[in-house]
Amino acid sequence: MTLTSVLDTTLDRPPADPVAAFATSDPGCVPDPHAPVQDVDDLVRHVEAIVPSAVRRQLWTLFFDDDDVPLPLMVPLEGIPEVPDTAALDHYGDALAAVATEFGAATVAFVLERIGAASPRPSDRRWGDGLRALGRGRPFEVRPVLLCGDEGVSALVPSGGTRVRPAPNGLPQASSRPVRLVDIVRLP
């Protein structure tokens, strides 16, 4: 390739309204990473672009600014236990508070990734309850907790609630709650 052939190439301009362009685009298109993630469906689509199905057991933490725009920061924690540890979750919440303050995160979303059916397990529900509580008394709010299983991503509903979201293959996908942070992080 010569210098003149590179200079003669016209660059595609981004659409005037990227949010509208994404909404009307085909489903195989990658979403705009700078578009606001405003509701649960937006959050599920955002996470599906990152983690479409489970590969291993881990917890993802995603950060968003005051305008619901994803920050270029994600924290995956591998090897989380089946049952969360309350003390470890609390320590993780303190660490997240420092990160949120440092990077200007207003909200935090959690994705519990685990291999298996999308139906919520009791341990998933315990994780969800523990993770939702991390925003209390800290400088960030917790967005809906998501579960990523073999069939894709779905919202985990708080204890006592149920929500079913169709998976991309048309089969129903149940929501569940994540495990405790204490099981994730072990302090010396």
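Draft legend 1. View of helix α4 (residues 86-103). Between its terminal C-alpha atoms α4 stretches 25 Å, which fits the 26 Å expected from 18 residues at 1.5 Å a residue. Turning to α4, its buried residues number three or more, namely Ala 88, Leu 89, Tyr 92, Gly 93, Leu 96, Ala 97 and Ala 100. Where α4 is buried, its residues touch β1 (58-64), β2 (70-78), β3 (107-113) and α5 (122-132). Where α4 begins, the side chain of Asp 85 points an oxygen toward the backbone nitrogen of Ala 87, at a separation of 2.9 Å. The first or second residue beyond α4 is Gly 104, which carries a positive phi of 75°.

Draft legend 2. Representation of the packing of aromatic side chains within the structure. Under the definition given, this model contains 0 aromatic pairs. Between Arg 143 and the ring centre of Phe 64, over which it is positioned, the NZ or CZ distance is 4.4 Å.

Draft legend 3. Expanded view of the pairing of strand β5 (residues 146-149). Here β5 shows two buried faces, one formed by Leu 146 and Cys 148 and the other by Leu 147 and Gly 149. In the sheet, β3 pairs with β5 via 3 bridges, with the strands oriented parallel. Residue Val 111 lies in a different strand from β5, and its bridge partner there is Leu 146. The pairing of β5 with strand β6 (residues 152-155) spans 4 bridges and is antiparallel. Opposite Cys 148, over in β6, you have Val 153 as the bridge partner.

Draft legend 4. Layout of the nonpolar core. Ranked by size, the top nonpolar core spans 21 residues in total, and within it Leu 59, Tyr 92, Leu 96, Phe 110, Leu 131, Leu 134 and Phe 140 carry the most contacts. Counting residues per element, the ones that place at least two in this core are β1, β2, α4, β3 and α5. Per-element accounting of this core gives the leading share, 5 residues, to α4. Excluding residues within four positions of it along the chain, Phe 140 makes contact with Gly 93, Leu 96, Ala 97, Ala 100, Ala 105, Ala 106, Val 108, Leu 134 and Gly 135. One finds Leu 62, Ala 109, Val 153 and Ala 155 within the second-largest nonpolar core, a separate group that totals 15 residues.

Each value, and the rule that gives it
Residues numbered from 1 in each chain as written. Predicted model: local features only at pLDDT ≥ 70, side-chain atom pairs only at ≥ 80, totals over all residues. Heavy atoms only, no water. Helix = DSSP H or I, 4+ residues; strand = E, 2+ residues; numbered from the N terminus. Expected span 1.5 Å × (residues − 1). Buried < 20%, exposed > 50% of the residue type's maximum accessible area, 1.4 Å probe, protein only. Contact = heavy atoms within 4.5 Å. Polar contact = N/O pair within 3.5 Å; in protein donor to acceptor, adjacent residues only side chain to side chain. Phe/Tyr/Trp six-rings, centres within 6.5 Å; stacked < 30°, edge-to-face > 60°. Lys NZ or Arg CZ within 6 Å of the ring centre and 35° of its normal. Pairing = 2+ DSSP bridges. Core = buried A, V, L, I, M, F, W, Y, C linked by side-chain atoms within 4.5 Å.

Function-wise, these values are silent; they only describe arrangement.
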